[in-house]
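So the chains spell out like this:
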Amino acid sequence: MLKPLATATRELVNLDGLWLFALDGTLGPEPWKSRLETRLEAAVPASYNDLFAEQKIRDHVGLVWYQRTVRVPRGWSDQRIVLRFDAATHAAAVYVDDTLVAEHVGGYTPFEADLTGLIAPGTEFRLTVAVDNRLTNITIPPGKLTVGADGQERQTHFHDFYNYAGLARSVWLYSTPRSHLTDITVTTDVVDGGTGLVSYRLATSEPAPASVRLIDETGNTVATGEGHSGTLRVEDAVLWRPGAAYLYRLEVEIHDGWHVVDAYELPVGIRTVAVQGEQFLINGEPFYFTGFGKHEDTAIRGKGHDNAYLVHDFRLLDWTGANSFRTSHYPYAEEVIEFADRHGIVVIDETAAVGLNLAVEAGLTGQPPRPTFSPETINDQTQAAHAQHLRELIDRDKNHPSVVMWCVANEPSSNEDGAREYFEPLIKLTRELDPTRPLTTTAVIFATSENDRLADLVDVISLNRYYGWYVATGDLETAEKLLEADLRRWAAKHGKPIMMSEYGADTIAGLHSVLDTPWTEEFQAGFLAMNHRVFDRIPSFVGEHVWNFADFGTGPAIHRVDGNKKGIFTRDRRPKTAAFALRERWTGLHGRKPGSITAQNGQHQTAAPDFTQEPALSMPAGAQRS
């Protein structure tokens, strides 16, 4: 699925703005058949939950309705007309006037409806969308629905961030020629000491001759090709590098023999990604990840995409010296990945498979734990939804040079019976869909090197660990011993690159102490420093992603006061003390492991102490939540 673009043969209209909005149950039985009877309006793109002042809207479970009038440009005669949603969280049904034109399940990937023949250029139509925020054991992410004493549905979700919903990304109406390009797949390689190879594969709605041109940033054509597939050679290619993005432009045309029928262009970054032994390589050079798990989360907008926050967040990444982030815990808006392409930020692209771990439910409710993988819980239908999500994610993001690794799931119960049977087919599918990128999953703290059942299937071992916070709370000396012993066991058993995909401590901005007191800014900085000492002693360690970039919204909980406070920045992007500590550690590394460039940053490799006895692991219920 190609992202809509305005080209010589294509046009698009943005449908963002204020839409009529109503909760299901406040309307008649078929709301799409007339103007919504409501005085509410909701912004698109935005989550609807925090836009209003009514508790019943914020906490609503079930369908909500959006509606607006759309005028079709009169110049679109003899064109294919398509309606596209960049996302609808978590499921949607779309009506054009009285006709159902699309249904989609999955809250973070795009979907389309071909309206050709249903609407006429120069006319208006009524566009109505039902968006459903409900999560069950067979959705990705999963959840649980119950019915309260008042007869209303109650939603439990198994992820530790607010279940924002609605039309959080843009909506488009666009045109293409009737004969058109439907897909482009690009892969790159580097050979002979600097010759770039750009392999392409085109798909079209019907057979048609095709030609391609690769153009550099100065506007010069560096390679051309004919046909629906081929490989372009670029002598002395300028590579896409972390921190130094360089993008060629692939111009694609299909013809009718004499005239251009359809045209499209795609940015291309020439680079290679590989795992070799205990190293992660970009362009054949060892790469060390510094950065964050992030969230699409801001006040009022919720998960609504916002270009102002996009720019500011990336400037803060640069300020801290971060070179990467993980799209925890779902695919981000495509504009975010495109921005990373242009600015040389490395991305670990993660699915929305968060919460495949029912120990979370037991920890929060005090109920006996249920098996995560069973016919009644996470089952074959869940796996099918997960597979479809992987297909849609890879289809959307496969051509982005910033994306260097797929993360198949966050913190699944990889230590439980059924985990391998569930994940092995999904990992195999991911490799078939994209054999060019390494794979990972993030391991919850209950998954140890001894009981984990997935590590041999992935290329990079990503660990979420909170020693000193959820385990050995406030005791950084014990936490350091526990962490190092843990990491060394993983390294000894698997001989693969290891990175910390989450580590962090909740911190109230402005709370200070001269003592090691949890929740203070000083403790957060000390917590990170303790982790970093350990990381630098592990030869196979390839990266550190702090949890989290910024404070973010969550559901109500006794351990969450106005959200999750593990951010290095507050929710409105004010730095805590730890932000300056990270800046001091990361600035000047340029993607190299701390301790490997002593002449540049004055850091040194710390000798490993001999831990002959490992303190027992003791962890409170629900501690694996991040």
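Structure report, in brief. Just so we're clear, the structure is a prediction, and the values are computed from it rather than from any experiment. (Residues numbered from 1 in each chain as written. Predicted model: local features only at pLDDT ≥ 70, side-chain atom pairs only at ≥ 80, totals over all residues. Heavy atoms only, no water.)

### Let's talk about the packing of aromatic side chains
Counted under the stated rule, the structure contains 33 aromatic pairs. Arranged with centres 5.4 Å apart and planes meeting at 70°, the rings of Trp469 and Trp519 form a pair that is edge-to-face. Within this pair, whereas Trp469 is found in the loop between strand S28 (461-464) and helix H7 (476-494), its partner Trp519 is found in the loop between strand S29 (498-502) and helix H8 (521-535), the two being separated by 50 residues in sequence. Here the aromatic residues Tyr108, Phe161, Phe314, Phe325, Tyr330, Tyr332 and Phe339 are joined through ring pairs into a cluster of three or more. The positively charged end of Lys294 is found above the aromatic ring belonging to Phe549, 4.8 Å away from the centroid. (Phe/Tyr/Trp six-rings, centres within 6.5 Å; stacked < 30°, edge-to-face > 60°. Helix = DSSP H or I, 4+ residues; strand = E, 2+ residues; numbered from the N terminus. Lys NZ or Arg CZ within 6 Å of the ring centre and 35° of its normal.)

### Some words on the side chain of Asn399
In this fold, Asn399 is placed in the loop between helix H5 (380-397) and strand S26 (403-410). Using a relative accessible area of 17% as the deciding quantity, one classes Asn399 as buried. Among the polar contacts made by the side chain of Asn399, one reaches the main-chain carbonyl oxygen of Ile184 at a distance of 2.8 Å. Among the polar contacts made by the side chain of Asn399, one reaches the main-chain amide nitrogen of Val186 at a distance of 2.8 Å. (Buried < 20%, exposed > 50% of the residue type's maximum accessible area, 1.4 Å probe, protein only. Polar contact = N/O pair within 3.5 Å; in protein donor to acceptor, adjacent residues only side chain to side chain.)

### Considering the packing of H5 against helix H6 (residues 419-433)
Between H5 and H6, the least distance of the axes is 10 Å, while the angle of their chain directions is 20°. With respect to H6, the axis of H5 lies roughly parallel. Crossing geometry of H5 relative to H6 is assigned as right-handed. In this structure, H5 uses Thr382, Gln383, His386, Ala387, Leu390, Arg391 and Ile394 to contact H6, whose residues at the interface are Glu421, Tyr422, Phe423, Pro425, Leu426, Leu429, Thr430 and Leu433. Taken together, the residues of the contact of H5 with H6 sort by class into nine nonpolar, four polar and two charged. (Axes fitted to C-alpha atoms, helices over the stretch in contact; angles between N-to-C directions. Parallel < 35°, antiparallel > 145°, perpendicular 65-115°, else oblique. Left-handed = near helix turned anticlockwise from the far one by under 90°. Contact = heavy atoms within 4.5 Å. Nonpolar A, V, L, I, M, F, W, Y, C, P; charged D, E, K, R; others polar.)

### Remarks on H5
Compared with the 26 Å implied by 1.5 Å per residue over 18 residues, the 26 Å span of H5 between its first and last C-alpha is a close match. Every buried residue belonging to H5 is among Thr382, Gln383, His386, Ala387, His389, Leu390, Glu392, Leu393, Ile394, Arg396 and Asp397, and all of these are buried. Contact partners of the buried residues in H5: strand S7 (99-105), helix H3 (334-343), strand S25 (346-350), S26 and H6. At the N-terminal boundary of H5, the capping side chain belongs to Asn379, with an oxygen 3.0 Å from the backbone nitrogen of Gln381. (Expected span 1.5 Å × (residues − 1).)

### Digging into the side chain of Arg573
Structurally, Arg573 can be placed in the loop between strand S30 (541-547) and helix H9 (577-586). A relative accessible area of 6% places Arg573 in the buried class. Here the side chain of Arg573 touches Asp313 through a polar contact of 2.9 Å, side chain to side chain. A distance of 2.7 Å separates a polar atom in the side chain of Arg573 from the backbone oxygen of Arg571. Residues within four places of Arg573 in sequence aside, it is in contact with Asp297, Thr298, Tyr309, His312, Asp313, Leu316, Phe549 and Ala550.

### Things to note about the pairing of strand S13 (residues 181-191)
Walk down a regular strand and you will see the side chains alternate between the two sheet faces. Here S13 runs beside strand S14 (residues 195-204); their pairing, made up of ten bridges, is antiparallel. Its bridge partner being in S14, Thr185 is matched across the sheet by Arg201. As consecutive antiparallel partners, S13 and S14 are separated by three residues, and within that stretch Asp192 has a phi angle of approximately 55°, a positive value. (Pairing = 2+ DSSP bridges.)

### What about the pattern of salt bridges?
Scanning the entire structure with this criterion turns up 49 salt bridges. Between Glu112 and Arg84 there is a salt bridge, and its shortest N-O distance comes to 3.8 Å. Taken as a pair, Glu112 in strand S8 (residues 111-114) and Arg84 in strand S5 (residues 79-85) lie far apart in primary sequence, 28 residues in all. For the salt bridge of Asp318 with Arg315, the shortest nitrogen-to-oxygen distance reads 3.5 Å. One end of the pair, Asp318, and the other, Arg315, are both in helix H2 (residues 307-320), three residues apart, so they sit about a helical turn from each other. (Salt bridge = Lys/Arg side-chain N within 4 Å of Asp/Glu carboxyl O.)

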